[in-house]
Amino acid sequence: MDALHDFLLRRTAYLLEAHPPGTEEHRMADTLHRAVDQTWAELQDCYDFYHRGDADMEIELAGTWNSLRMFGISWMRAPDYDERLWPPAEYENLLVTSIPTEH
């Protein structure tokens, strides 16, 4: 989870530095940066509750993980994007069959 977060923040930080404050590009990069960071914080909370034994968090954990992954979909073919480390959470009959294990 941390590796995907770092991967995404490197991209948003680059965009923030590349565009002057006040421009539409900078505002959009800042929005994306904040959205990635907020989703990661929510994921951390879900992960912590789930691993403390709150089984009800499983679906929220999987959904939040998939939300964070969606921010990186555009970079799936980038050399440093690691699909093996960042697979989607999968569902079968509305039951989660795989959840993120990296912390």
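Counting starts from 1 at the beginning of each chain's written sequence and moves along it residue by residue. Whole-chain, interface and lining totals are the exception, using all residues; otherwise, since this is a predicted model, local features are given only for residues with pLDDT of at least 70 and side-chain atom pairs are given and counted only at 80 or more. Only hydrogens and water are removed before side-chain values are computed, so all heavy atoms of the structure are retained for them.

Draft legend 1. Expanded view of the overall build of the protein. Helix and strand assignments come from DSSP, with helices taken as H or I runs of at least 4 residues and strands as E runs of at least 2, each series counted from the N terminus. The helix and strand tally for the protein stands at 3 helices and 2 strands. When its helices and strands are written in sequence order, the protein yields α-α-α-β-β. For the protein, the proportion of its 103 residues judged to be buried stands at 32%. Residues are treated as being in contact if the distance between any of their heavy atoms lies within 4.5 Å. Of the contacts made within the protein by residues no fewer than 6 positions apart, 59% connect residues no fewer than 24 positions apart. Carbon and sulfur atoms make up 55% of the accessible area of the protein, which totals about 6600 Å². Only protein chains enter the accessibility calculation, which uses a 1.4 Å probe. A residue is then buried if its area is under 20% of the maximum for its type, exposed if over 50%, and partly exposed in between. Per-residue and other accessible areas were derived by the Shrake-Rupley procedure at a 1.4 Å probe size, with only the shown protein chains allowed to occlude residues.

Draft legend 2. Representation of the environment of Tyr81 in the model. By the element assignment, Tyr81 lies in the loop between helix 3 (57–72) and strand 1 (90–92). We classify Tyr81 as buried; its relative accessible area is 7%. C-alpha of Tyr81 to C-alpha of Leu4: the two residues are 77 residues apart in sequence and 8.3 Å apart in space. The residues touching Tyr81, leaving out its near neighbours within four places in the chain, are Phe7, Arg69, Gly72, Trp75, Met76 and Trp86.

Draft legend 3. The arrangement of the side chain of Asn66 in detail. Structurally, Asn66 can be placed in helix 3. Residue classification places Asn66 among the buried positions, given a relative accessible area of 18%. Identification of polar contacts relies on pairs of N or O atoms within 3.5 Å, with a donor-acceptor requirement for protein atoms, meaning one able to donate a hydrogen and the other able to accept it, and with residues adjacent in sequence counted only if both atoms are side-chain atoms. At 2.8 Å, the side chain of Asn66 forms a polar contact with the backbone nitrogen of Ala89.

Draft legend 4. Up close: a negative patch on the surface. A grouping of Glu42, Asp45, Asp48 and Glu60 is seen on the molecular surface, where their side chains present a negatively charged patch. At 3 residues, helix 2 (residues 24–51) tops the list of elements feeding residues into the negative patch. Its location among the elements puts Glu60 in helix 3. A patch consists of residues whose relative accessible area exceeds 30% and which take part in no salt bridge; residues with like charges are grouped when within 9 Å of each other, and nonpolar side chains (Val, Leu, Ile, Met, Phe, Trp, Tyr) when within 5 Å. By definition, a salt bridge exists where a carboxyl oxygen of Asp or Glu is found within 4 Å of a side-chain nitrogen of Lys or Arg. Positive charges come from Lys and Arg alone, negative charges from Asp and Glu alone, with His and the N- and C-terminal ends not counted. By convention, the charge on Lys lies at NZ, on Arg at CZ, on Asp at CG and on Glu at CD.

Draft legend 5. Molecular detail of the pattern of salt bridges. Overall, the coordinates contain 6 salt bridges when judged by the stated rule. The salt bridge involving Glu24 is made with Arg27; its shortest N-O contact spans 2.8 Å. Residue Glu24 and its partner Arg27 are both found in helix 2; the two are separated by 3 residues, about one turn of the helix. Salt-bridge contacts for Arg84 lead to Asp82; the nearest nitrogen and oxygen are separated by 3.4 Å. Residue class for Arg84 comes out exposed when judged on its relative accessible area of 71%. Sharing partners across several salt bridges, the network here consists of Arg10, Arg11 and Asp80.

Interpretation note: all reported values are geometric properties and have no functional meaning in isolation.
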